[in-house]
Structures are given as C-alpha cells and as structure tokens.
Amino acid sequence: MDANPTVFTNVFVDLDGIVYTATSGLHENGMKKHSTNGGNMFKDTVFSYDTLTDVYVDRSGFIYTCSNEGYIDIYSKEGEMIFEFGSFVTTTDVVGLFTRLPSIAVDSSGSIWAVDGAKGYLQSFKTTEYSRMVYNAMDLYEHGYYEQAMEQWNEVLKLNQMSVLAHDGVGKAYLHAEDYPHALEHFKVANDKEYYSEAFWEVRNAWLQSYLGAIAAAIVILFVLSKALKVVDNKTDGRLEDFSEQFWDRMNRTPIIHDFIFARKTNRHPMDCYYEVSKSREGSVPAASIMIVLLFIAFMLYQTQKGFVYQMQDVQDMDIGFIVFGFWALLALFIFCNYLVTSIYDGNGSLKKIFLVVAYGSLPLTVSLLAVTLISYGLAYNEAFLLTIIMIVGIVWSLVTVFIGLQTIHEYSFKETVMSIILTLMFMLIVAVVLIILSIMWNSLWSFITSVGKELIQNVF
C-alpha cells in the first residue's frame, strides 16, 4: 500500500477548548494535542497508525482515535495508550472488524460509535466493567485522590495481575504517598523507567542519609591507617615498602602475570611498550587471548546486565547468537583485514603483533564497560551523562592506544596509519558483503538441492 501524504485528516476541540488533530502519513505523533502556540502538549512520543482518520475526546479527557486499518485506540490525557481493539476485514461482516473506518464518536454513557465507510453500517461498543474500573482509577488519580485511585487499581489487579496500567497506577499512588520501595516494585513490573528512576532517587537518598556517618567513618579510618602505615614504614627503615616491591617483583617473574602488568603499562605508555612488542621482546598470545575474553565478558555484561533504568531491552528479546557472532566476527575481520592491507603497503606488523596490539589496547574499553554496568545500578535517569562520559573515555582511550600500537608495529607515519585503517574498514565491508552474498547463494542452492532430493524420493524411489 502506498504511503499517504502527511495531512490533517480530522480536528477535534474538547470542552476546555484544546485542539486535537489526527494526521495521516505519520507513525509517531500522528495524534497531537495542541498548545496555544501550536506545539504538541504530549511530552512523550505517541505512536499511532500512519492511516489515522479521526480523533475524539470524551468528557473525562480520554482520547479516542481510529485508522483505516480498522483499529480503535484509547489514550489517557497524557497520550499514554490504554486500550486497542478492532481489525481489518474485507469480505465478512464481523462485529469489531472494519473494511474502512473513517470516523468515531463517544456518547455521554461512554459507548463508542464507529462507522464502516466501505460497507455503510454503524457499530457501537459499550464499556466493560474492567474498562470502567481503569477509567475510574485514572480519573481519581488525575483529580488527586491517590488513596482511592490505589484501591481502584488494586481491584483492577484482581482481574488482571499483569496489567501494566494497574501496576503503573499503583506505583504512582505509592510515589505520592512517599512509599518509595513499594513504588519501585510496581514500576519495575510496569517497565516504567522514568517513574522508577524518581522513586529510586528517593530510596537512594534515604539510604545515603542512613549510612552517611558510617561511610564517612570508614573513609577517615582508611586515611588514618594509610598514615599509620607510612609512620611504621619510616620507623622500620622502609621494610614495608621493600616487602611490597619484593612481592611485585616475584609476581612479575611469572610470565602470564608479567604480561598482564605489561598490558596495564601499555595503555599508559603506548609508544614505548608497543615498540617492545614490535621487537618481540614483550607480549604473549595467551595473555592477549585472556584479555580479549575479558573484553567479550565485559561486552556481554554491558549488553544484558545493566541496571533496570538503563537496560533498554530485555535479555529474552535479544538475539544473543547474533550479538556473540557479531563481536567475534568484527574482531577477527579487523585483525585479518588490517594484516592483509598492511602486507600490501609494506607494513612490518605480523598477524600475531596486530592481535597483541588490539588485545592490549582493549583494556580501557573493558574497564569502562564493566564500570558502566556496575555503576548503572546506582544511578538515576538524569545522571546518565556520567555513564556516557565513562564510555567515551574508555572508547577514545582504547582507540588512541590501538592507533599508536598499529603505527608503531607497522613503522608507519601518522598519515599512513590513518590510510591503512580506512582501507582496513573498507576491506572489512567488502568481505562482509561477499560473505552475505555467498550465504544467500548457498541457502538458495541448498533449498534447490533439498527440493530436488524430495522430488526424487517421491517420484523415483
């Protein structure tokens, strides 16, 4: 079906003089509530059908829309969807289904009247007990009767334990009653991250006020202990410091631990350390492999285990196989393609050295992913900039470190390194496209072979 142009399909003015419009050709904000300056009064994005045909507002402020697909949607005053029903049909006459739905209206008793423009008949829908309870609860909350609204929402939950609207309504009532822990529980069930963040902010403030004295005392104790250790160290002619140095020297003699310590130095002094890698004096594949595995673990934790406020997609809705394959495929492609490109353009780095550069350079990114995942459990929505800063620092740090590492092991100039990375990315894209084409061709060939095999089995044997 061709897309409709973006035009107003209907206008409605409610009892308070507020103008509502229905617009076709838009999936987001196709239904608008206009302010006096023409702006949209809905603070959040309102999703609707792109063939919206009519909008109606009843006495209580509930908004009704209909679309040519035959769907009727009901929204709250704030644009939050409450119910949806109806569907499209062409040949049969079934109550609740429409061939074309150009207009709706709502009478004083709350009954919805909808006309089928193609078949020329009128349908009416009465409110059920469940919908009346929902409307009543929302109306009570709107007028500030929070306790009564909570009682009504609890009645709704008796009929539907997993009602998102009911849990959200109960959570808001608890929020106004300053019962923040219970509000958190209901907002989590309703997946309302914005209000969950508000309740979490209050819970966290209460926790900090309760334990602020203990936290301050612990900081003071640690400070005093550090000063006391320094005094003891001075009185014993630096024996504690010597013991610490001896301990780290012994640890540094263990090859795998030495390589991990070297990786930490690499991200602080990349030019000097990667020079040692280029001369094969430092770095090992086992340590680098462990660091890549740690990066993968940190990446998967970041994707699936962030705090509720920042976990935008549930794990069960993710394609975990695609995420895992994408991580390893991009990593392998970059290393392999960079090796091929630099081999052509006189780069001195071997496949092993490129792998070591990428692995050691990934340490800041690994730390930032783990830090963001952990800290996300303690931050509210309006503190997201802190996580953004941590991620930017980790990504930029790793990119700069890897860039310097590639420049060092290939013995390139700055310009040559930039060109080699650009060519590497282009080659990665080409390889990915070729692999996709080969995969499609193989699937087609396999389907042909299996269909021929089935025909032979059925008709010959």
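Analysis parameters
Residue positions within a chain follow its written sequence, with the count starting from 1. With pLDDT at 70 or above as the cut-off, local features in this predicted model cover only qualifying residues; side-chain atom pairs require 80 or more to be listed or tallied, and sums for whole chains, interfaces and linings still use all residues. Values shown for side chains rest on all heavy atoms present in the structure; no hydrogens or waters enter the calculation. Only runs of H or I of at least four residues qualify as helices and only runs of E of at least two qualify as strands under DSSP, and these elements are numbered from the N terminus. Within these notes, the globule rule equals 2.2 Å times the number of residues to the 0.38 power, and the radius of gyration is based on C-alpha atoms. Buried residues are those whose accessible area, probed at 1.4 Å on protein chains only, stays under 20% of the maximum for their type, while exposed residues exceed 50% and partly exposed ones sit between those limits. Only heavy atoms enter the contact rule, under which two residues are in contact if any of them lie within 4.5 Å. All accessible areas in this document rest on Shrake-Rupley with a 1.4 Å probe, and a residue is counted as covered only by the protein chains that are shown. Working convention for charge: Lys and Arg count positive, Asp and Glu count negative, and His plus the chain ends are omitted. To locate a charge, take NZ of a lysine, CZ of an arginine, CG of an aspartate or CD of a glutamate. Paired strands, as defined in this entry, are two strands with at least two bridges between them according to DSSP. Only the stretch in contact is used when a helix axis is fitted, and all axes are lines through C-alpha atoms; the angle between N-to-C directions ranges over 0 to 180 degrees. Predictor confidence is given residue by residue as pLDDT, running from a minimum of 0 to a maximum of 100. Any Phe, Tyr or Trp ring, taking Trp's six-membered ring, that has another such ring centre within 6.5 Å forms a pair; planes under 30 degrees apart are called stacked, those over 60 apart edge-to-face, and the others tilted. Note on geometry: a ring has a charge over it if NZ (lysine) or CZ (arginine) is within 6 Å of the ring centre and within 35 degrees of the ring normal. Given the number of residues in a helix, its expected span is that number minus one, multiplied by 1.5 Å. Note: the arc covers the axis-to-C-beta directions of the helix. Side-chain atoms alone can form a polar contact between residues adjacent in sequence; in general such a contact is a pair of N or O atoms within 3.5 Å, and within protein one must be able to donate a hydrogen while the other accepts it. We call a set of buried Ala, Val, Leu, Ile, Met, Phe, Trp, Tyr and Cys residues a nonpolar core when their side-chain atoms join them within 4.5 Å. We define a salt bridge as a side-chain nitrogen of Lys or Arg found within 4 Å of a carboxyl oxygen belonging to Asp or Glu.

Enquirer: Explanation requested: the overall build of the chain in the structure shown.
Expert: Looking only at helices and strands, one finds 14 helices and 11 strands in the chain. A globule of 461 residues ought to have a C-alpha radius of gyration of about 23 Å, yet the chain, at 32 Å, is considerably larger. Across its three principal axes, the chain shows a C-alpha extent of roughly 90 × 80 × 55 Å. Relative to its 461 residues, the chain shows a buried fraction of 38%. Counted over contacts in the chain with a minimum sequence separation of 6, partners at least 24 positions apart contribute 50%. Put simply, the chain shows about 27,100 Å² of open surface, and 64% of that area lies on carbon and sulfur atoms. Charged side chains of the chain number 30 positive and 48 negative; the gap between the two group centres comes to 10 Å.

Enquirer: Looking at this model, I keep getting lost on the sheet that holds strand β3 (residues 31–34). Mind explaining?
Expert: In any sheet, the strands associate via hydrogen bonds between backbone groups, in a parallel or an antiparallel arrangement. Read from one edge to the other, the open sheet built from 3 strands follows the order β1-β2-β3, with strand pairing classed as antiparallel. Only two strands of the sheet have a single partner each, and these edge strands are β1 (7–13) and β3. Sheet twist, expressed as the average angle between the axes of neighbouring strands with direction ignored, equals 25 degrees. When strand β2 (residues 19–24) meets β3, the two strands line up antiparallel, connected through 4 bridges. By the bridge assignment for β3, Ala22 is matched with Met31.

Enquirer: What is the right way to look at the pairing of β2 in this model?
Expert: The two faces of a sheet get side chains in turn, since along a regular strand they alternate between them. For β2, the buried fraction is high: 5 of the 6 residues fall into the buried class. Taking the residues between adjacent antiparallel strands as the criterion, β1 and β2 are bridged by 5 residues, where Gly17 takes a positive phi near 85 degrees.

Enquirer: Would you take a moment to explain the confidence of the model for the chain for this structure?
Expert: The predicted coordinates of low-pLDDT regions are not to be read in fine detail. When pLDDT is averaged across the chain, the result is 85; 93% of the residues are at 70 or more. When pLDDT is averaged over each element of the chain, helix α12 (residues 363–375) comes out on top at 94 and helix α6 (residues 239–253) at the bottom at 60.

Enquirer: Any chance you could explain helix α4 (residues 180–190) here in plain terms?
Expert: Side chains of residues three or four places apart in an α-helix project in the same direction, reflecting 3.6 residues per turn. Of the positions making up α4, those classed as buried are Tyr180, Ala183, Leu184, His186, Phe187 and Ala190. Phi turns positive one or two residues past the end of α4, at Asn191, with a value near 60 degrees.

Enquirer: Help me understand the packing of aromatic side chains, please; the structure alone is not making it clear to me.
Expert: The relative placement of two aromatic rings is captured by the distance of their centres and the angle of their planes. Scanning the model with the defined rule gives 18 aromatic pairs in all. Here the basic side chain of Lys193 rests over the ring of Phe308, its NZ or CZ set 4.1 Å away from the ring centre. When the ring centre of Trp201 is taken as origin, the NZ or CZ atom of Arg204, which lies over that ring, is 5.0 Å away.

Enquirer: Hey, could you run me through helix α2 (residues 146–159) in this one?
Expert: For α2, spanning 14 residues, the distance from its first C-alpha to its last is 20 Å, which sits close to the expected 20 Å at 1.5 Å a residue. If you check which residues of α2 are buried, you get Ala149, Met150, Gln152, Trp153, Val156 and Leu157. All buried residues of α2 lie within an arc of 165 degrees about the axis, which places them on one face of the element. Exposed positions of α2 whose direction lies more than 90 degrees from the buried face are Glu147, Glu151 and Lys158. Where the residues of α2 are buried, they touch α1 (129–142) and α3 (164–176).

Enquirer: Is there a simple way to think about the side chain of His34 in this case?
Expert: Mapped onto the fold, His34 is located in strand β3. A polar side-chain atom of His34 sits 2.8 Å from a polar atom in the side chain of Thr21.

Enquirer: What exactly am I supposed to notice about the nonpolar core here?
Expert: If you look at soluble globular proteins, the nonpolar side chains tend to sit buried side by side. Formed by 81 residues in total, the largest nonpolar core has its most connected members in Tyr64, Ile72, Ile82, Val134, Trp153, Tyr360 and Leu406. Per-element tally for this core: the top contributor is helix α9 (residues 285–304), with 8 residues. Here Leu406 is in contact with Phe334, Asn338, Ile354, Val357 and Ile421, once residues within four sequence places are set aside. The next biggest cluster of nonpolar side chains, apart from the first, holds 12 residues, and it includes Tyr20, Ala22, Phe42 and Tyr75.

Enquirer: In this structure, what is going on with the pattern of salt bridges? I would like to understand it.
Expert: According to the stated counting rule, one finds 4 salt bridges in the structure shown. Lys158 serves as the salt-bridge partner of Glu155, at 3.1 Å between the closest nitrogen and oxygen. Pair noted here: Glu155 and Lys158 are both in helix α2, with a separation of 3 residues, about one helical turn. The exposure class assigned to Lys158 is exposed, which follows from its relative accessible area of 62%. Note that Asp168 is salt-bridged to Lys172, the shortest N-O span being 3.4 Å. Here Lys172 and Asp168 lie together in helix α3, a separation of 4 residues that amounts to about one turn. On the accessibility criterion, Asp168 (5% relative accessible area) is buried.

Enquirer: Looking at this structure, how should I read the sheet that holds strand β9 (residues 103–106)?
Expert: One open sheet accounts for 3 strands, arranged β9-β10-β11; its pairing is antiparallel. With partners counted over all chains shown, the strands left at the sheet margins are β9 and β11 (121–125), one partner each. The mean inter-strand angle of the sheet, taken between neighbouring strand axes irrespective of direction, is 20 degrees. Summarising the sheet, β9 and strand β10 (residues 112–116) pair through 4 bridges and their orientation is antiparallel. In the sheet register, Ala105 faces β10, and the bridge partner there is Trp113.

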